[in-house]
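# Fold and contact review
Residue-level listing of the chains:
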Amino acid sequence: MAEVSPAPPSLSEKKKEAKRAKKGDPLQAAESGRLDSLRWNDSLPNDDPFFLLAGSNEGGFLSLEEIDESEYGFLGGVLEPLGGEKKPKGKKRKRGSGDGDSGVGGSCIVQAEDGEKKGKKKQKKKKKRPRDKKKKKEEGESSDNGEKGEPVEGNAKDALNNDDAKNDIDEGFLIDEDEVYAWKELRLHPLLIKSICRLGFKEPTPIQKACIPAAAHQGKDVIGAAETGSGKTLAFGLPILQRLLEEREKDARLFQKDPDEKPVEKGFRGGPLRALIVTPTRELALQVSDHLKAAAKFLAIQVVPIVGGMSSEKQERLLKRKPEIIVGTPGRLWELMSAGEHHLVELHSLSFFVLDEADRMIENGHFHELQSIIDMLPMLNVSVEQSSQPTTICKTIPSLQRKKRQTFVFSATIALSDNFRKKLKRGLSTSKLSTSDGISSIEKLSERAGMRPDAAIVDLTNASIVAAKLEESFMECSEEDKEAYLYYLLSVHGQGRTIVFCTSIAALRRVSSILHILGINSWTLHAQMQQRARLKAIDRFRANEHAVLVATDVAARGLDIPGIRTVVHYQLPHSAEVYIHRSGRTARASADGCCIALISPSDKAKFFSLCKSLSKESLRQFPVNDVYMPEVMKRLSLAHQIDKIVRKNSQENAKKSWLLRNAESLELAMEDSGSEEETVKCHKQKKISSLQLKKLQQELNGHLARPLQSKTFSNRFLAGAGVSPLLQQQLEELSKKNPSGNMSSQENKRPGFLVIGQDCVEPLQALRSSGREVCVSVDKKRELRRLAETWKRKKREEKKRTREQQRKKRKKAKEGMK
Ligand SMILES: Nc1ncnc2c1ncn2[C@@H]1O[C@H](COP(=O)(O)OP(=O)(O)OP(=O)(O)O)[C@@H](O)[C@H]1O
């Protein structure tokens with residue numbers, strides 16, 4: 001065991017600091033770099049992004065997700081590998097929010113003591129653990145659930161409110177050197193290592209290993225490509241935090257020499273913008289911001305998200321605090337920049353410009369805002385001193401911060417041309433001159449953002465680009481039966497979280513309505529939803545272990561929700577990149593998972609083209625047990641009939657309320673326009689349809705109350721051949737739960753049925769056990785067909801020849817006889 005953190009403060013020191021903090025001297029307290037010194041932030045207003053995101057209809061940036069129309073065939077870029085490591089190790093890593101199980105987060109916290117004393121203290125701490133763990137778990141859950149009852153003001157307040165953090169500070173924080181060895185090798189700041197360990201990350205992922213030395217210690221620009229879920233956020237996030245920490249420490253040393261300087265310049269209380277991180281979607285910006293906040297937990301560095309849908313008052317308040325790191329979407333960032341928002345336009349001290357999911361931002365040239373943001377960045381080939389831009393704010397920036405700006409460009413799907421470096425060299429001097437050009441490729445984008453020719457290009461993607469532990473598959477069905485097959489999947493194999501991707505919002509609405517009628521626990525996510533509803537949907541999906549999220553491609557990139565076991569491509573995406581990102585919502589951070597594409601005859605050409613661009617020759621076909629299908633179809637047919645009536649009713653109601661609203665606004669009295677006969681007829685029709693609806697619903701409920709089984713299965717005689725081991729186990733569990741056969745009063749109230757006997761096999765398990773490998777390469781298929789035809793022709797010819805020979809022989813024999 002070795003001490004990694006700086007020596008913890010003595011008790012008297014801590015008391016002094018606490019007093020200072022109480023007296024409202026937050027700055028001094030913060031300077032100590034310890035969490036209990038962050039109380040100054042406590043007084044700040046509530047600034048949780050989830051809390052104040054006002055629903056807005058400015059679909060702008062995001063609504064473009066559903067009208068994506070790019071083509072397949074993006075591959076072929078040759079990237080130059082940097083680090084030796086090519087594939088992530090198969091080792092299991094502990095993920096999550098520092099629940100203490102890692103042995104690090106919760107591990108010992110002692111000052112450098114030895115011998116008996118140390119042992120005793122350790123024992124004491126061990127006793128404390130269970131309660132700590134419980135507390136941590138509760139905290140983790142509440143944040144996972146997105147319960148924002150107590151919204152957070154930047155990571156500083158996070159730190160303040162976190163008892164664990166306080167405990168760590170009170171008790172010191174000692175880390176097992178063996179456990180953090182891999183992180184120490186990367187020469188990260190001890191406080192950073194501490195944060196990472198509390199997150200439960202025992203070792204860097206390959207992309208982190210490759211990027212951190214280049215970005216944090218060699219000061220290089222980085223273009224990083226690695227499979228989905230491989231930890232790219234920290235691959236660019238840790239170098240940023242490392243540099244800010246190093247600079248702060250150097251500055252602090254300088255300030256000690258110069259007592260006249262004001263401490264406000266040390267950056268503890270916000271300061272000029274140091275890192276601007278741009279992501280393509282709001283959800284991703286919030287997620288990246290949360291991830292960095294967690295990593296910056298002990299650092300008193302502010303990370304703030306700026307996204308569309310956030311109220312302007314909230315935004316103003318956040319920006320007033322002068323956060324060092326901002327994560328945002330291009331639309332909202334540019335809106336503020338073009339309006340002259342001080343913190344966002346004073347960019348002389350910007351040390352990092354990051355483009356996450358960079359390739360999404362250039363698709364179809366949607367993002368003029370991004371181009372405008374890039375054009376606002378100070379030019380890099382002019383030194384700060386020579387820059388013609390106003391330098392007023394530079395007065396407050398310590399000289400150490402005036403290093404060159406670093407540019408990081410990351411995605412799971414980046415393709416660069418062979419001569420990219422040369423282009424960077426050539427383009428560097430001219431890139432700013434041609435500002436009228438559109439940004440049409442990652443290369444141009446990087447060049448324009450000031451990427452230097454010696455940039456580290458780290459490509460850790462494998463040939464198929466998808467995550468290593470992702471099992472891909474497909475299911476063949478007709479277009480009309482897609483809903484039935486989806487229902488089959490979700491009810492027979494509905495284990496773990498599932499995302500169902502639709503390409504259009506209309507399809508999403510249809511699917512989610514049918515699933516709802518069929519009693520499948522599902523939420524929706526698309527760009528036409530208000531921001532608050534979008535975040536709520538994600539939170540609910542995250543909170544439920546077996547939930548289904550029906551989403552458009554708004555959810556395709558970056559979304560990191562643990563426990564997503566299955567991704568269903570209900571409609572095929574428009575590009576191979578989107579397929580990769582969609583599929584990458586599962587099998588993240590060394591977990592496994594599977595994706596299933598539903599392929600109708602009209603999807604086949606697109607599907608083969610997709611497989612070709614991903615260099616796939618064969619793919620597993622998801623096994624479907626046909627005995628379930630008659631019952632599935634029956635339920636679907638009932639659900640469709642119900643859906644039709646419900647839709648018709650809601651359309652009529654909408655029409656009526658629209659008429660009423662307009663009449664009211666015009667101050668007109670509404671009269672029944674039809675005759676009495678018509679009114680009676682209409683009334684009758686309504687009654688019939690309501691009765692019909694009731695009847696259908698009853699019938700469907702009757703079906704849903706029974707397990708989805710084949711017709712041959714007897715629900716009445718459980719002792720028959722229909723009792724599977726699973727059913728037996730379920731029955732045993734049920735009898736254990738309710739040994740006396742008496743139901744609690746709570747359960748008694750519920751009239752619902754309990755469904756048992758379902759084959760609860762995960763899709764991945766089903767795929768592994770009985771998925772059939774099928775050739776999906778058109779070329780290979782053609783080749784096979786050609787070979788088969790040649791073989792058949794040869795056989796035919798051979799047969800013909802032998803027949804001819806036999807005929808000749810017989811003829812000869814006959815002649816001989818004569
Ligand atoms: N060193 C690590 N060890 C274990 N887990 C990690 C490590 N670094 C990051 N993670 C976790 O891995 C998950 C995926 O990380 P992240 O979202 O950064 O992946 P990504 O590569 O950006 O994915 P995508 O391409 O889909 O955006 C997160 O839950 C993160 O907390």
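About the cut-offs
- For every chain, the first residue of its written sequence is number 1, and the numbers climb from 1 along that sequence.
- In view of the model being predicted, local features appear only for residues whose pLDDT reaches at least 70, and side-chain atom pairs are presented and counted only at 80 or more, with totals across whole chains, interfaces and linings using the full set of residues.
- Based on all heavy atoms of the structure, the side-chain values leave hydrogens and waters out of the count.
- The criterion for strand pairing is that DSSP finds at least two bridges linking the strands in question.
- Secondary structure elements are taken from DSSP: a helix is a run of H or I of four residues or more, a strand is a run of E of two residues or more, and numbering for both begins at the N terminus.
- Simply put, an axis is a line fit to the C-alpha atoms, just over the touching stretch for a helix, and the angle between two N-to-C directions goes from 0 to 180 degrees.
- By definition in these notes, contact holds between two residues if any of their heavy atoms fall within 4.5 Å.
- UniProt positions are given in the numbering used here, feature names are shortened, and annotations may be inferred rather than shown by experiment.
- What a helix is expected to span follows from its residue count: subtract one and scale by 1.5 Å.
- Remark: exposure states derive from per-residue accessible area (1.4 Å probe, protein chains only) relative to the maximum for the residue type, with buried under 20%, exposed over 50%, and partly exposed in between.
- Patch membership is restricted to residues that have no salt bridge and whose relative accessible area is over 30%. Joining uses 9 Å for like charges and 5 Å for the nonpolar side chains Val, Leu, Ile, Met, Phe, Trp and Tyr.
- Computed by Shrake-Rupley with a 1.4 Å probe, the accessible areas treat only the displayed protein chains as cover when residues are assessed.
- Note on definitions: salt bridges are taken to be side-chain nitrogens of Lys or Arg within 4 Å of carboxyl oxygens of Asp or Glu.
- By the counting scheme adopted, Arg and Lys are positive, Glu and Asp are negative, and His together with the chain ends is not counted.
- Here the site of a charge means atom NZ of a Lys, CZ of an Arg, CG of an Asp or CD of a Glu.
- Residue proximity to a molecule or strand is established when one non-hydrogen atom of the residue lies within 4 Å of it.
- The term polar contact refers here to a pair of N or O atoms within 3.5 Å; inside protein, the definition further demands a hydrogen-donor-capable atom paired with an acceptor-capable atom, and it admits residues adjacent in sequence only when both atoms are side-chain atoms.
- Under this grouping Gly is polar, as are all residues other than the nonpolar Ala, Val, Leu, Ile, Met, Phe, Trp, Tyr, Cys and Pro and the charged Asp, Glu, Lys and Arg.

### Description of the sheet that holds strand S15 (residues 772-775)
- With respect to topology, eight strands assemble into an open sheet ordered S10-S11-S9-S12-S13-S8-S14-S15, the strand pairing being mixed. The open sheet has two edge strands with one neighbour each: strand S10 (522-525) and S15. The sheet shows a mean angle of 30 degrees between the axes of neighbouring strands, direction not considered.
- When strand S9 (residues 497-501) meets strand S12 (residues 564-569), the two strands line up parallel, connected through five bridges. Residue pairing across strands places Ile499 opposite Val567, the latter belonging to S12.
- Across the sheet, helix H21 (residues 505-517) is in contact with S10 and strand S11 (548-551); its angle to S11 comes to roughly 155 degrees.
- Strands strand S8 (470-476), strand S13 (593-599) and strand S14 (618-621) of the sheet are contacted by helix H24 (residues 604-613), whose axis makes an angle of about 145 degrees with S13.

### As for the UniProt feature "short sequence motif: Q motif" (unreviewed entry) in the protein
- In the numbering used here, UniProt assigns the feature "short sequence motif: Q motif" (unreviewed entry) to residues 181-209.
- Secondary structure within residues 181-209 divides into 62% helix and 0% strand; the distance between the first and last C-alpha atoms comes to 12 Å.

### Overview of H21
- The end-to-end C-alpha distance of H21 is 18 Å, a good match for the 18 Å that 13 residues give at a rise of 1.5 Å each.
- Residues Ile505, Ala507, Leu508, Val511, Ser512, Ser513, Ile514, Leu515 and Ile517 constitute the buried set of H21.
- Just past H21, the residue Gly519 takes up positive phi, approximately 75 degrees.

### What about the pairing of strand S7 (residues 456-459)?
- Burial of the side chains of S7 extends over both faces: Ala456 and Val458 are buried on one face and Ile457 and Asp459 on the other.
- One ladder, built from four bridges, connects strand S1 (residues 222-225) with S7; its direction is parallel. When the bridges of S7 are listed, Gly224 appears paired with Val458.

### Looking at a positive patch on the surface
- Judged by side-chain charge, Lys795, Lys799, Lys800 and Arg803 come together as a positively charged surface patch.
- With respect to the secondary-structure elements, Lys799 resides in helix H30 (residues 778-817).

### So, the site of the ligand
- Around the ligand sit 22 residues, and of these Gly229, Lys232, Thr233, Asp560 and Arg588 come closest.
- A distance of 2.7 Å separates an oxygen atom of the ligand from a polar side-chain atom of Lys232.
- Class assignment of the residues belonging to the shell around the ligand gives a composition of four nonpolar, nine polar and nine charged.

### A look at the environment of Arg274
- Here Arg274 shows up in the loop between helix H11 (232-257) and strand S2 (275-278).
- In this structure the C-alpha to C-alpha distance between Arg274 and Ile240, which are 34 residues apart in sequence, comes to 8.7 Å.
- A distance of 2.5 Å separates polar atoms of two side chains, one belonging to Arg274 and the other to Ser351.

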